[in-house]
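Secondary and tertiary structure notes
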Amino acid sequence: MLNTISRPKRPCRRNLPDTVHSGSARVVPSTLSCLTAKLPTGRDFSAPQSRLFMFSAASETALQELVASTYEYFTAADFRHLPRHDVVSAGHRGFVHQRERLSVVGRNSDDIRQKLGEYLSNGQCDAVRRSTVSNTRQSVVFVFCGQGSQWWNMGRELLASEPMFRETIAACDRLFREQGAEWSLIDELTRDEADSRLDQTAIAQPAIFALQSGLVELWKSWGGDPAARVGHGSGDVASAYAAGRLSLEEAARVAFQRGRCMDLDQSDGQLLAAALSETEARELIAAGDHPVELASINSPTCVTFAGRRDALKSLARELRAAKRWRRLLEIPHAFHSAAMEPLRERLLEALGTVSQRHPAIPMLSTVTGRPLEGEALDADYWWQNIRRPVQFAAACELALRDGHQVFLEIGPHPILAGCITQCADESDHVVNLFASLRRDDHDGNVMLRSAGELFALGANVRRSAACRSDLRQPVAADANGAPSIIKVRSVNPSRLRPMRMSGGSARRASCIQSRWRENGQNPTPH
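Computed from a predicted structure; not experimentally measured.

Conventions and cut-offs
- Just so you know, the residues in each chain are numbered from 1, in the order the chain's sequence is written.
- Confidence filtering applies because this is a predicted model: local features only for residues at pLDDT of at least 70, side-chain atom pairs given and counted only at 80 or more, and all residues used for totals across whole chains, interfaces and linings.
- Excluded from the side-chain calculations are hydrogens and water; all other atoms, namely the structure's heavy atoms, are used.
- We call a residue buried when its accessible area falls under 20% of the maximum for its residue type, exposed when it is over 50%, and partly exposed in between, using a 1.4 Å probe and counting protein chains only.
- Labels follow the DSSP assignment, with helices taken as runs of H or I lasting at least four residues and strands as runs of E lasting at least two, numbered in each case from the N terminus.
- Here the arc refers to the directions that run from the helix axis out to each C-beta atom.
- Contacts between residues were defined by any pair of non-hydrogen atoms, one from each residue, lying within 4.5 Å.
- At least two bridges found by DSSP between two strands is the condition for calling them paired.
- Angular values range over 0 to 180 degrees, each being the angle between N-to-C directions of two axes fitted as lines to C-alpha atoms, with helices fitted over their stretch in contact.
- For classification purposes, angles smaller than 35 degrees are called roughly parallel, those larger than 145 roughly antiparallel, those between 65 and 115 roughly perpendicular, and all remaining angles oblique.
- Crossing handedness follows the turn of the near helix against the far one: under a right angle anticlockwise gives a left-handed crossing, and clockwise gives a right-handed one.
- The term polar contact refers here to a pair of N or O atoms within 3.5 Å; inside protein, the definition further demands a hydrogen-donor-capable atom paired with an acceptor-capable atom, and it admits residues adjacent in sequence only when both atoms are side-chain atoms.
- Each reported salt bridge corresponds to a side-chain nitrogen of Lys or Arg within 4 Å of a carboxyl oxygen of Asp or Glu.

So, helix H14 (residues 417-426)
- The set of residues buried in H14 consists of Cys-419, Ile-420, Cys-423 and Ala-424. Taken down its axis, H14 places every buried residue within 135° of arc, on the same side.
- On its buried face, H14 sits against strand E7 (140-144), strand E10 (292-299), helix H13 (392-401), strand E13 (406-410) and strand E14 (432-435).

As for the sheet that holds E14
- Strand order in the open sheet made by the 4 strands is E8-E7-E13-E14, with parallel pairing throughout. Pairing within the sheet leaves two strands with one partner each, and these edge strands are strand E8 (228-231) and E14. The average undirected angle you get between the axes of adjacent strands in this sheet is 25°.
- Where E7 and E13 come together, 5 bridges link them in parallel fashion. Across the sheet, the residue bridging to Phe-142 is Leu-408, located in E13.
- Each of E7 and E13 is contacted by helix H6 (residues 201-221), which is oriented at about 135° to E13, the strand it contacts most.

What about the sheet that holds E10?
- With antiparallel pairing, the 4 strands of this open sheet are ordered in space as E10-E11-E9-E12. The sheet is open, and its two edges are formed by E10 and strand E12 (326-329), each paired on a single side. Neighbour-to-neighbour, the strand axes of this sheet turn through a mean angle of 25°, independent of strand direction.
- Across the face of the sheet, helix H9 (residues 278-286) comes into contact with E10 and strand E11 (302-308) while running at roughly 175° to E10.
- Strand contacts of H14: E10 and E11, with the helix running at about 70° to E10, the strand carrying the most contacts.

A closer look at the packing of H13 against H14
- Across the interface, H13 lies against H14 with an axial gap of 10 Å and an inter-helix angle of 55°. Comparing the axis directions of H13 and H14 gives the class oblique. Of the two elements, H13 crosses H14, and the hand of that crossing is right-handed. The residues of H14 that touch H13, namely those facing Phe-392, Ala-393, Cys-396, Glu-397 and Leu-400, are Cys-419, Ile-420, Cys-423 and Ala-424.

Section: the side chain of Ser-450
- Topologically, Ser-450 is positioned in helix H15 (residues 443-457).
- A distance of 2.5 Å separates a polar atom in the side chain of Ser-450 from the backbone oxygen of Ala-435.
- Residues contacting Ser-450, with those up to four places away along its chain left out, are Trp-219, Phe-434 and Ala-435.

Quick notes on the pattern of salt bridges
- Under the defined criterion, the tally for this structure stands at 19 salt bridges.
- Note that Lys-115 is salt-bridged to Asp-111, the shortest N-O span being 3.1 Å. Linking Lys-115 with Asp-111, this pair stays in helix H2 (residues 109-122), spanning 4 residues, or about one helical turn.
- Since its relative accessible area comes to 16%, Lys-115 is described here as buried.
- One salt bridge connects Asp-268 with Arg-309, and the closest N-O pair in it is separated by 2.9 Å. Note that Asp-268 is positioned in the loop between helix H8 (248-262) and strand E9 (269-274) and Arg-309 in helix H10 (residues 309-321), a separation of 41 residues in sequence.
- Residue classification places Asp-268 among the partly exposed residues on the basis of a relative accessible area of 38%.
- Three or more residues joined by partner-sharing salt bridges are found here, namely Arg-99, Glu-100 and Arg-130.

Structure follows, in structure tokens:
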């Protein structure tokens, strides 16, 4: 999705602003970076590749000048599509993160020009994220969803286009086979919809874990450094891996054995989500009219029941009559209930001794509803993870009390966004929610949009580290083939002038520009 960039030894300098001047006072440089989403070939996609443009400046004036000159650049540029290169770097070795930020994702040069033009004309655009970053760095919470988020096409574009993601999936595939898997993870992730087996718990849970692990590594390479991690149900395994509490080998083993044991359940159970408070749910259970149990407390106004299908359908009819929201989940097991009891010894035996690490990285447990500190993530912990109700609301509320306002869901689809919003509303917190992937949307587009919005909010999204792919030869370019530096003495883009260079840099740039003029060429990308 994002492809490798290497800086040229002899950069030429063209027409994007880097150093901005206002009168005679020099302003701290503003910078522009572009990340590219490349969709895999050989398949019919309705959307072309997209790119994320990130603008950063020390002042609002400098940012507006940068955006305006970039708009003029795309207006004057003679190409129909965005360049094939992956990073637009305005002359700096590292992308400079400054207070004034703006991001935009576009499909091609016309799309970028239209969005920037709308922003410059109206001061806003739905596709443009603009913010002023405070001195306090925004802390991000990684949220790992559980079973029910999977779908047949999940992560397939990343598997085809992102080496780091693909390597993690391949490693998990090998680890699952070592545990006795008679199926291939890669085969399961690339099956057609009609043949997909991702509805089977023994395959779904390890597959979700592998996808989440790949996303964690990808976000880390982009600069994702979460302040806390929380996992819902089976997502607790990926959370433990992301927090460094479990190695990939141990986490993959736990995920595989957890899914395989839970798939052995023959209780004819199911799950029912309902818009009830925990108190209302427990009162309903205590009434004894429905033999169900509380499987998870998702938010102050949403719970999940577990039980036999007939009991849950009866409860659903009662909730319907009371005009309360409810939904039977397409999970054929009564997780987090007494139906799991027959699996206890089998799970404990399969897990045996779980090797752990004890890094000082926050992990909020949804088994206990509080931070994990000195507790052991041993086999008994993972038994409690499938037997006890999921305490997601308690863990989420704790994250909010700790001051976290940005939540990034790590999984195939953001199924927990509503629950996080409800937790925030209950405690009068304002939160920003982002997804890694979305069902029926292009993987690269979703991640780029989230990366851009995270950047605009103040996250340190890396420019160079994010661009990693072996799909084509490394190149270096700005939006028209080369890093660029411009002096700007006015907000008027028509007055952009090349920066004066001295010594070898000027001579090299002069030679390159002369060669272009002689050949009648523009420095368009290869």
